Amino acid sequence: MKLSSTALAFALATVSLAATAQAQQITGAGATFPAPIYAKWGEAAKTAIGIELNYQGIGSGGGQNQITNRTVDFGASDAPMDAGKLEAAKLLQFPAVMGAVVPVINLKGIDSNQIKLTGEILADIYLGKITKWNDPKLVELNRGITLPSTAIAPVYRADGSGTTFVFTSYLSAVSPEWKEKIGANTAVKWPSGDGAKGNDGVAASVKQVAGGIGYVENAYATSAKLTTTQLRNKAGSFVEPTLAAFSAAASNGDWAGAKNYAVSLIDTQGATSWPIVSATFILLPKDPKDGARSANVMKFFDWAYKNGGEMAKAAEYIALPASVQDAARSSWKAEIKDASGASIYK
Amino acid sequence: MPHSAVAAPTRRRSSAFSGDAIFAFLAKAAGVLVLVLLGAIIVSLFIGALPAFRAFGIEFLWNVDWDPNQAIFGAAVPIYGTILTSMIAILIAVPIAFGIAFYLTELAPNWFRRPIGTAVELLAAVPSIIYGMWGLLVIAPFLASSIQPGVIDALDGIPVLELLFHGPARGKGVFTAALILAVMIIPFIAATMRDVFMTVPPVYKESAYGVGCTTWEVMRSIVIPYTRVSVVGGIMLALGRALGETMAVTFVIGNANRISPNLFGSGATIASLVALNFGEAQQGSLLLSSLLAIGFILFVISFIVLAISRTLLKPKAAK
Amino acid sequence: MSGTLTASAPSRNQSVADSLSRSRHRTNSIVKALCILATVIGLMFLGSILFTLLNLGFGGLNTKVFTNITRSGPEGGLANAIVGTLIQTALGTAIGTPIGLMVGTYLSEYSAGSQLGNAVRFVSDVLLSAPSILIGLFVYQIMVAGRGYTGFAGGVALAIIVIPIVVRTTEDMLRLIPTALREAAVALGAPKWKSIVQVCYPAALDGIATGVLLAIARVAGETAPLLFTSFGNSYMSTDLGSAMASLPLAIYQFAGQPDADLVQLAWVGALLITFGVLALNIVARVVLRPRI
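Residues numbered from 1 in each chain as written. Chains lettered and ligands numbered in written order. Predicted model: local features only at pLDDT ≥ 70, side-chain atom pairs only at ≥ 80, totals over all residues. Heavy atoms only, no water.

Caption draft 1: Spatial organisation of the interface of chain C and chain B. Across the boundary between the two partners, chain C contributes 88 residues, which contact 81 residues of chain B. Both sides together, the interface formed by chain C and chain B hides about 7,800 Å², and carbon and sulfur atoms give 78% of it. Viewed at the interface, chain B and chain C are joined by one salt bridge. For C:Arg24, the salt bridge identified is with B:Glu217, shortest N-O distance 2.7 Å. For the interface between chain C and chain B, the tally reads six residue pairs in polar contact (both at pLDDT 80 or more). If one sorts the elements of the side of chain C that touches chain B by residue count, helix H1 (residues 10–57) of chain C sits on top with 20 residues. When grouped by side-chain class, the residues that make up the side of chain C that touches chain B number 57 nonpolar, 19 polar and 12 charged. (Contact = heavy atoms within 4.5 Å. Buried area = accessible area lost by both parts, 1.4 Å probe. Salt bridge = Lys/Arg side-chain N within 4 Å of Asp/Glu carboxyl O. Polar contact = N/O pair within 3.5 Å; in protein donor to acceptor, adjacent residues only side chain to side chain. Helix = DSSP H or I, 4+ residues; strand = E, 2+ residues; numbered from the N terminus. Nonpolar A, V, L, I, M, F, W, Y, C, P; charged D, E, K, R; others polar.)

Caption draft 2: Geometry of the nonpolar core. Grouped together as the largest cluster of nonpolar side chains are 195 residues, with contacts concentrated most on B:Tyr131, B:Phe197, B:Ile294, B:Phe299 and C:Leu78. Residues A:Leu92, A:Val102, A:Ile121 and A:Val155 belong to the second largest nonpolar core, which totals 96 residues. (Core = buried A, V, L, I, M, F, W, Y, C linked by side-chain atoms within 4.5 Å. Buried < 20%, exposed > 50% of the residue type's maximum accessible area, 1.4 Å probe, protein only.)

Caption draft 3: The interface of chain C and chain A, seen in detail. With 32 residues of chain C in contact, the opposing surface of chain A contributes 33 residues. Interface area, chain C with chain A, both sides summed: about 2,600 Å², of which 58% is carbon and sulfur. Counting the surface chain C buries against chain A, the share from its top three residues, C:Phe231, C:Tyr235 and C:Pro258, is 25%. Linking chain C with chain A are one salt bridge. A salt bridge links A:Glu43 to C:Arg71; the shortest N-O distance between them is 3.6 Å. Seen at the junction of chain C and chain A, the total is nine residue pairs in polar contact (both at pLDDT 80 or more). Secondary structure elements with two or more residues in the side of chain C that touches chain A: helix H3 (79–110), helix H5 (132–144) and helix H10 (247–254) of chain C. Looking at the side of chain C that touches chain A residue by residue, the class counts come to 16 nonpolar, 13 polar and three charged.

Caption draft 4: Structural context of the packing of helix H5 (residues 119–127) of chain A against helix H7 (residues 162–174) of chain A. All names here are of chain A. Viewed as axis vectors pointing N to C, H5 and H7 meet at an angle of 110 degrees, and their least axial separation amounts to 9 Å. The angle between H5 and H7 places the two elements in the roughly perpendicular class. As for how H5 packs across H7, the hand of that crossing is left-handed. Within the contact between the two elements, H5 uses Gly119, Glu120, Leu122, Ala123 and Tyr126 and H7 uses Phe167, Tyr170, Leu171 and Val174. (Axes fitted to C-alpha atoms, helices over the stretch in contact; angles between N-to-C directions. Parallel < 35°, antiparallel > 145°, perpendicular 65-115°, else oblique. Left-handed = near helix turned anticlockwise from the far one by under 90°.)

Caption draft 5: Representation of the environment of B:Thr176 within the structure. All names here are of chain B. Along the chain, Thr176 falls in helix H6 (residues 174–197). Thr176 sits in the buried class, given a relative accessible area of 0%. In the structure, Thr176 is positioned 60 residues away from Ile116 in sequence and 26 Å away in space, judged by C-alpha atoms. Among the polar contacts made by the side chain of Thr176, one reaches the main-chain carbonyl oxygen of Gly171 at a distance of 2.5 Å.

Caption draft 6: Summary view of the sheet that holds strand E5 (residues 116–117) of chain A. Residue and element names in this part refer to chain A. Overall, mixed pairing links the three strands, which are arranged E5-E10-E11 in an open sheet. This sheet does not close on itself; its edge strands, each paired only once, are E5 and strand E11 (238–239). Two elements, strand E10 (residues 230–232) and E11, share two bridges in a ladder whose sense is antiparallel. Along E11, the bridge assignment pairs Arg232 with Phe238. (Pairing = 2+ DSSP bridges.)

Caption draft 7: Inspection of the pattern of salt bridges at higher detail. Across all of its chains, the model carries 26 salt bridges over all chains by this definition. The closest approach of N and O atoms between B:Glu245 and B:Arg241, which form a salt bridge, is 3.7 Å. Since its relative accessible area comes to 7%, B:Glu245 is described here as buried. Here C:Glu171 and C:Arg121 are joined by a salt bridge, their closest N and O atoms 2.9 Å apart. In this pair, C:Glu171 sits in helix H6 (residues 151–176) while C:Arg121 sits in helix H4 (residues 115–129), placing the two residues 50 residues apart along the sequence.

Caption draft 8: Inspection of unusual backbone geometry at higher detail. Residue A:Lys225 is not a glycine yet carries a positive backbone phi of 50 degrees. Position of A:Lys225 relative to the elements: it lies in the loop between helix H10 (218–223) and strand E9 (227–228).

Caption draft 9: Seen up close, the packing of aromatic side chains. By the definition in use, this model includes 41 aromatic pairs over all chains. On the basis of an interplanar angle of 15 degrees and a centroid distance of 6.1 Å, the ring pair of A:Tyr55 and A:Phe74 is categorised as stacked. A residue pair is termed long-range when its members are at least 10 positions apart, and A:Tyr55 in strand E2 (residues 52–56) and A:Phe74 in strand E3 (residues 74–77) qualify at 19 residues. There is no split in this pair, since A:Tyr55 and A:Phe74 are both buried. Of the aromatic side chains, those joined through ring pairs into one cluster are A:Tyr38, A:Trp41, A:Tyr55, A:Phe74, A:Phe94, A:Phe300, A:Phe301, A:Tyr305 and A:Trp332. In this arrangement the basic side chain of A:Lys116 is found over the ring face of A:Phe238, its NZ or CZ atom lying 5.7 Å from the centre. Positioned above the aromatic ring of B:Phe251, the side-chain terminus of A:Lys197 is 5.0 Å from the ring centre. (Phe/Tyr/Trp six-rings, centres within 6.5 Å; stacked < 30°, edge-to-face > 60°. Lys NZ or Arg CZ within 6 Å of the ring centre and 35° of its normal.)

Caption draft 10: Local environment of the state of the cysteines. All chains considered together, the criterion is met by zero disulfides over all chains. No disulfide involves B:Cys213; its sulfur sits 16 Å from the nearest other cysteine sulfur, which is in C:Cys35. For B:Cys213, a relative accessible area of 26% gives the class partly exposed. (Disulfide = S-S within 2.5 Å.)

Caption draft 11: Looking closely at helix H7 (residues 179–187) of chain C. Residues and elements named next belong to chain C. Along H7, the positions that sit buried rather than exposed are Thr179, Arg182 and Ala185. One side of H7 holds all its buried residues, which, seen down the axis, span an arc of 125 degrees. Considering only its buried residues, H7 is in contact with H3, H6 and helix H8 (192–220). Of the residues flanking the end of H7, it is Gly189, one or two places downstream, whose phi is positive at about 95 degrees. (Arc of directions from axis to C-beta.)

Caption draft 12: Examining the confidence of the model for chain C more closely. Here chain C averages 86 in pLDDT, while 95% of its residues score no lower than 70. Scored as a whole, the predicted complex attains pTM 0.86, and scored at its interfaces, ipTM 0.85. (pLDDT = per-residue confidence, 0-100.)

The following block contains the structure:
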């Protein structure tokens, strides 16, 4: 088979020739939620510190799998990884950035942030218990607005995703019935509604059907110009989904008390906090095979902490509080060790 | 006469390293390689699926539950969706493909046949991800605004039909997915039909024309019965293609977790379920195992469909 | 037709025959019209797809697409994706074609209805309709897990898709060659393998080349197998030993982004790959195969 052996020889030659060219590239895989901001950071980091980031959003589960298999340099996951699994896979988990999930609706004549919703009502809608927009519970909350009798058409994520994990975590926190019947996960058994693929799919579906309601990452609500709603937070006030509200939630998180940084930013305290905020995490091997690549990963995130705040804000994400960033740095120093036991991060 | 009847000349009592022996060995080895390849794929799939089969047993096949949180999975919904979308796709594609094949073989002027034939076959060349995106962007909104509301209103109140076509006019769903699949397989069926229609000996058609049959009557009474078996075989092959199609379906089918008769509602096929959930499935989890299990079941379904088409095509090959 | 021969009541039988003839011709015309309609519908679908691609993708077509690598914002291009697709498609074809050729030869020249031959043919057809996502998963298990994503694994996954297509066309083409040609070669003293390689292959070359071109067109647009094998790369890489970008992956990833520039890139990529594949198909069918 002459052709294929030539191809094989060609392949091997290319591999050996090109191996040196990839010295400063780091590969990451996982959550799609933060993929846009990682991409922006990556592009800026190339010019600033010469590190090339190849990040592919294959899903949080994929990210966890790949880093456990050590096929990539770091994994990214929206849902914090289970402590036992982190131990077994010898992984360090730290947060990179935060984002928010917002409900979006499609009702004729209703503008953004006009309608008020609560977590319980959202849960009831997705449970199939509230089926019309002029249901008494909604009318009571929104006196002054004439709600039509249109049927509510809930839209959920057809594909497994961190966004669903965040949203169902919120529903579980505010509705005991949801917690018991459905629970929180990257994919759940939705009792009613229809699925759409990706945040963009949900956005498009909601836009398509009158009476539609869905949940998307904040960046998509803005770019697709969807109608957002107010949501009641733990303190009882109704907040609009603004960057200020997201940051308020982030700053109220119990970072110190969370093991492996797995803090919950769902339904946090604070009068101005948005109730559906989440951190997204990076997974790094504690015993990396290639110390240089691991050092580059940490160098990249160190740079991103210091310089990525504005970019994050522009892309509608929330940067970590400075104290958390410092805590992450000390974790790198303490946990990531090379073969001799010396810490890689200086 | 099978070409292997042309044997190697026997006067060459050469060593085992003669050109013939080597070449014959390579050819056979390649054949065995293909067998081994499929075997390896199925075995690796089965090994990955074993935890799911062990956990759920044979009930996995008809369990309608798909609950990732409780880790209870059942294959009934994706199997139903796969078979349903493929069947509807065949129902839509076969008449259209037949019309095209009939037109190309009997009705079109000669100079017109090649360009039209090429154009129809170009449909087969469009990558499936493009079908998915086109379906989502063009077909779904078109159905939602122009076709679905009319159908829903017209069938409202008619007992069985209103169950099949109701609900908000979403544009996406089982019917849309089936329609896109149909467009994808039309060229395969049309090409098979056309090739096979052209093998009908002209003398049969000419005698029919001679007694005054119209073109349609010739087609109906001569060509179709003559080619029926091969045509059905070709349809089965197209069905096999439709069963495994991922990208074209994933964008529009929605992902339901219950069996509902509503064709305008969401559904799930095996391929789409695997594509949508694989990214989030963790290694060693029952979810991953269940996804591999339904993948394995898809192979089994393909096997059955292809085996049926084989038995249908056999009598023709013996001619 | 008996109507015209009956002596008694000729006008009544004539009118029966006439009305029968009219209804038959009416049916014929209706069916003809439906067939034309079916063809028009088929062409409309094709037209709609091509129009959508041109409409959404053409506006983003510029030199940057070919010179810049993928990145967000207006400076993004598809250079790394295009190069990656070319490399992996070439690799997949280079590996898959010889294997497919040999299997097709085996089925046509050596197997003669044997059990093994039937089994191989059946298996090849199963592979042909296998969901490409499962093939990608398989290659992941054997080549990527524990080792890392490589362009080479992507090429192998594509090769597995190429093989059954080439098998089918090769066997069909070789079967069409008259036995007389082979017999003539043998009569001249050629060993069997020479009669295949030097007589049959050249005679069937057009058809086999068509099959190869069709296989190339199919794998150039495959997304799912590459997702698990070559992973994608935001940077230019021609290194088969590490992750590699490709057009279908870029399209898949960018189409759903909230960044309008990335969505535009996705459509440009879709335009490039579809028209590239269509061009290959036209070459295959019009230039190489002179019959319909």
